[in-house]
Amino acid sequence: MRILHIPLEFMTWRDASHFPYSSNLAFEEGFAANDLEFVTIPACFKTPALWLDHARSLCARLSFDQIWLEAVHTSYPDDVLEWLREVAPVRIGIMWESCAMDPLELIGNPEGARNRERNIARNMECLTHLLVVDEKDEEHYNAAGRVQAKWIWDAGFIPGRFASGPAPSKPIRPEALFYGALYGERKQWLEHPRLRGLLLRPETSLEYGTDIPRLWDELHLVTLTMVERGEQPGKIYDNYMRQIRELRRRGFDLWLEGLRDGIAVVNLPQFGKAYASRVIEGMAAGRPVVTYRMPDRPRTMALFEPEREILLYDRDSPEELAEILMRLRREPGFGEAVAEAARRRIRERHTTEELVSQVLKWTKGAPAATRPQVRPGSETATPSQRPGGSAHLPLEEIHDFNQRSRDRWVSEKATSVPAGSLVLDVGAGTCPYRPLFSHCSYKTHDFKGYTGEKLGGTCEYGQIDYVSEITELPIADQTFDVLLCTEVLEHVPDPAGALREMQRVLKPGGRLLLTAPLGSGLHQLPYHYYGGFSPAWYQYYAEKFGLRVVEITPNGGFYRLLAQECVRAGHFISQQFPAAEIPGNLIQLLVEELPRLLFGYEDRHFIDQFTVGYHVELVKDAEVSAR
């Protein structure tokens, strides 16, 4: 897959420094981590024609599957928008601002507000998908139906490497630091008597003590002059991109280093209705982040655990902020614990790499709802067709289709769960689906008895709230709105009893989301009791326990199952036999050529007699009490 990436860029470092690396070129790291090809053509603020006027020649003879472009601050020329419509079928806009503007924004910068509204309206005509930082914008645009919208904070937007490595050194200043523009009431906050000596706004960040600003400004001045002089853009483009990547990365390293100077990073009340980038950057830098409680944004407020991963104050109370900062000064160990917990959360759930992975599944993955359905009374179903055919999927998508298709199904279901719902992940293990339910009250269960390797290659469990056998959940009747149970039932001695127990803790009208194999090799021994479960099993016990079948979807058909086993055979043969005993092209045939061929066959003929397993949704009848 190839991406055309059009990030926002700036002609001067004074402007560029306010729009961090994490929000533009860092996406390249996410693309690379997901094995994507990409071409980056910056849209320079107020000078977009610098590179966009030459995009056609720079991209000559290249085809693209997706475009990722900045959608708020760039006024794309009409001919560029028309060209973008032709270049790729999936066009994803990135909105780094809230759609709804604060009244003070309109008063303080009316021209900027008008330009922003105009840009969004024009660019929206070109887009098929939208990434938004404000959770309310996701609801707004999905309800309008013009484009599909996804919340960026389902994942995050900083490369994981910045939140890795050893804990940072001790702060060199006794104050907490705030970096940001002094609009609204921010100046009054900084001058508040209770915050004097506790909160500092540095005049500049560390890169201003280096040659980065000069080199940046000179590069853009020289590049613009050369392009205007008529020199071939292709000759100077590679050098330009190499230099801005180097300067951006150096500048971002210094920016994070500067955030580490103080005892904490503070986010003062802002116009935007989403966490500012300094929140995730402060966490990655290894300093406790202190920000205000954002009203009417429940999913945002649920991203990080208060007092453990983030510290919150009331947006009208400088006094409460002062109390938090004094505590951090008195108890440095508390601040270090908060910082490390937040840094760990960033590494696990809020990286650019994870965001790109989620977006790929969201935009190009075939959701289970469009896969072949087996419902009561139905005999056959037609498989979904992918553009270009499944035979042309990336090889890793073919090899790992079982897990990837299950992940897509869970992700699709998660988006349909209302915010604030009570969700229980039964047999959660490493809790891989926690980020998908960040808008809900998400709880986890597991018996925690298996010590071997689990999903994700770890032997550790995730954060588990309820520890018990699945047939004896320590939970009151009719507690949860949604239960999720993935690849667990085959590991339970009494799967019917497990289904009965899950029905008990589910509210009337609640949803039970299940996945399990139909036939699988032995794994996670000694806790593997069943090969799998057929549609008749789900239908029989659903009716017995007062559950209504909404969906029973096979996870692939015969040809995909066979493709999976070809890959498995190739790996076994390559590991167990010396190379001299393996025919020259056998491994390639088993691991690549046959799987591609079989995936193509499945697009044409779906055989549901054989499948790796089923994705099942059941709903508890409203009149059923716990049995």
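Higher on the page you've got the structure.
The structure presented is a predicted model; accordingly, all values stated were derived computationally and were not measured. (Residues numbered from 1 in each chain as written. Predicted model: local features only at pLDDT ≥ 70, side-chain atom pairs only at ≥ 80, totals over all residues. Heavy atoms only, no water.)

Draft legend 1. Just the overall build of the protein, in detail. Counting its regular elements, the protein contains 22 helices and 20 strands. Overall size of the protein, expressed as C-alpha extent along the three principal axes, is 70 × 60 × 50 Å. In the protein, the share of contacts with a sequence separation of at least 24, taken over all contacts with a separation of at least 6, comes to 73%. Carbon and sulfur atoms make up 51% of the accessible area of the protein, which amounts to about 27100 Å² in all. Side chains of the protein carry 72 positive and 87 negative charges; the gap between the two charge centres is 2 Å. (Helix = DSSP H or I, 4+ residues; strand = E, 2+ residues; numbered from the N terminus. Contact = heavy atoms within 4.5 Å. Areas by Shrake-Rupley, 256 points an atom, 1.4 Å probe, with all protein chains shown as cover. Lys, Arg positive; Asp, Glu negative; His and termini not counted. Charge placed at Lys NZ, Arg CZ, Asp CG, Glu CD.)

Draft legend 2. Quick peek at helix α20 (residues 535-544). Among the residues of α20, those classed as buried are P535, W537, Y538, Y541 and A542. All buried residues of α20 project into a common sector of 160 degrees when viewed along the axis, lining one side. If you follow the buried residues of α20, they end up packed against α19 (495-505), β18 (506-517), β19 (547-554) and β20 (613-620). Two residues or fewer past α20, G546 is found with a positive phi of approximately 75 degrees. (Buried < 20%, exposed > 50% of the residue type's maximum accessible area, 1.4 Å probe, protein only. Arc of directions from axis to C-beta.)

Draft legend 3. Broad picture of the pairing of strand β7 (residues 129-132). Neither face of β7 is open: one carries H129 and L131, the other L130 and V132, and all of them are buried. Bridge count for strand β6 (residues 90-95) against β7 is four bridges, and the pairing is parallel. Opposite M95, over in β7, you have V132 as the bridge partner. When β7 meets strand β8 (residues 148-151), the two strands line up parallel, connected through four bridges. Residue pairing in the sheet places V132 in a bridge with W151 of β8. Running through helix α8 (residues 135-144), the crossover from β7 to the neighbouring parallel element β8 is right-handed. (Pairing = 2+ DSSP bridges. Right-handed = clockwise from strand over helix to strand, strands pointing away.)

Draft legend 4. Representation of the packing of aromatic side chains. Tallied over the entire structure, the rule returns 36 aromatic pairs. On the basis of an interplanar angle of 65 degrees and a centroid distance of 5.3 Å, the ring pair of F558 and Y559 is categorised as edge-to-face. The class of F558 is partly exposed, set by a relative accessible area of 26%. Members of the aromatic cluster, joined through ring pairs, are F10, F19, F27, F31, F38, F45, W68, W96, W153, F157, Y275 and F304. The ring of Y183 has R186 sitting right over it, with the charged end atom 4.2 Å from the ring centre. Directly above the aromatic system of F334 lies the positively charged group of R327, at a separation of 3.6 Å from the ring centroid. (Phe/Tyr/Trp six-rings, centres within 6.5 Å; stacked < 30°, edge-to-face > 60°. Lys NZ or Arg CZ within 6 Å of the ring centre and 35° of its normal.)

Draft legend 5. Structural detail: the sheet that holds β18. The strand order across the open sheet formed by seven strands is β16-β15-β14-β17-β18-β20-β19, and the pairing between neighbours is mixed. Edge strands, defined here as strands with exactly one partner in the open sheet, are β16 (466-467) and β19. Inspection of the sheet shows strand β15 (residues 441-446) paired to β16 by two bridges, in the parallel sense. Following the sheet pairing, D446 is matched in β16 by V467.

Draft legend 6. Looking closely at the sheet that holds β6. In spatial order, the strands read β3-β1-β5-β6-β7-β8; together these six strands make up an open sheet with parallel pairing. Taken across any chain shown, the strands that pair with only one partner, and hence form the sheet edges, are β3 (37-40) and β8. The sheet shows a mean angle of 20 degrees between the axes of neighbouring strands, direction not considered. (Axes fitted to C-alpha atoms, helices over the stretch in contact; angles between N-to-C directions.)

Draft legend 7. Focus on the state of the cysteines. Tallied over the full model, the rule gives zero disulfides. With no disulfide of its own, C126 has C59 as its nearest cysteine by sulfur position, at a separation of 14 Å. Lacking any disulfide linkage, C459 is separated from the closest cysteine sulfur, that of C431, by 15 Å. (Disulfide = S-S within 2.5 Å.)

Draft legend 8. Structural view of the pattern of salt bridges. Within the structure shown, the criterion is met by 38 salt bridges. A salt bridge links E138 to R299; the shortest N-O distance between them is 2.4 Å. One end of the pair, E138, is in helix α8; the other, R299, is in helix α13 (residues 298-301), with 161 residues separating them in the sequence. For the pair E138 and R299, one class covers both residues: buried. Look at the salt bridges and you will find they share partners, linking D134, K136, E139, D296 and R297 into a network. (Salt bridge = Lys/Arg side-chain N within 4 Å of Asp/Glu carboxyl O.)

Draft legend 9. Examining the packing of helix α21 (residues 558-576) against helix α22 (residues 586-604) more closely. Relative orientation of the contacting elements α21 and α22 amounts to 175 degrees, with a least axis distance of 8 Å. Classified by the angle their axes make, α21 and α22 are roughly antiparallel. Seen from α21, the contacting residues are F558, Y559, R560, L562, A563, C566, V567, A569, G570, I573 and S574; seen from α22, they are L586, I587, L590, V591, L594, P595, L598, F599, Y601, E602 and D603. (Parallel < 35°, antiparallel > 145°, perpendicular 65-115°, else oblique.)

Draft legend 10. Local environment of helix α14 (residues 318-330). In this model α14 runs 18 Å from its N-terminal to its C-terminal C-alpha over 13 residues, within 8% of the 18 Å that 1.5 Å per residue would give. Within the sequence span of α14, burial applies to P318, L321, A322, I324, L325 and L328. Angularly, the buried residues of α14 cover 160 degrees about the axis, an arc narrow enough to put them on a single face. (Expected span 1.5 Å × (residues − 1).)

Draft legend 11. Geometry of unusual backbone geometry. Across the junction of L525 and P526, the peptide omega takes the value 5 degrees, indicating a cis bond. Looking at the element boundaries, P526 is found in the loop between β18 and α20. One non-glycine residue, D35, lies in the positive phi region at around 60 degrees. One can find D35 in the loop between α2 (27-33) and β3. For D35, a relative accessible area of 61% translates into the label exposed. The phi torsion at E307 lies on the positive side, around 70 degrees, for a residue other than glycine. Along the chain, E307 turns up in the loop between α13 and β13 (311-313).

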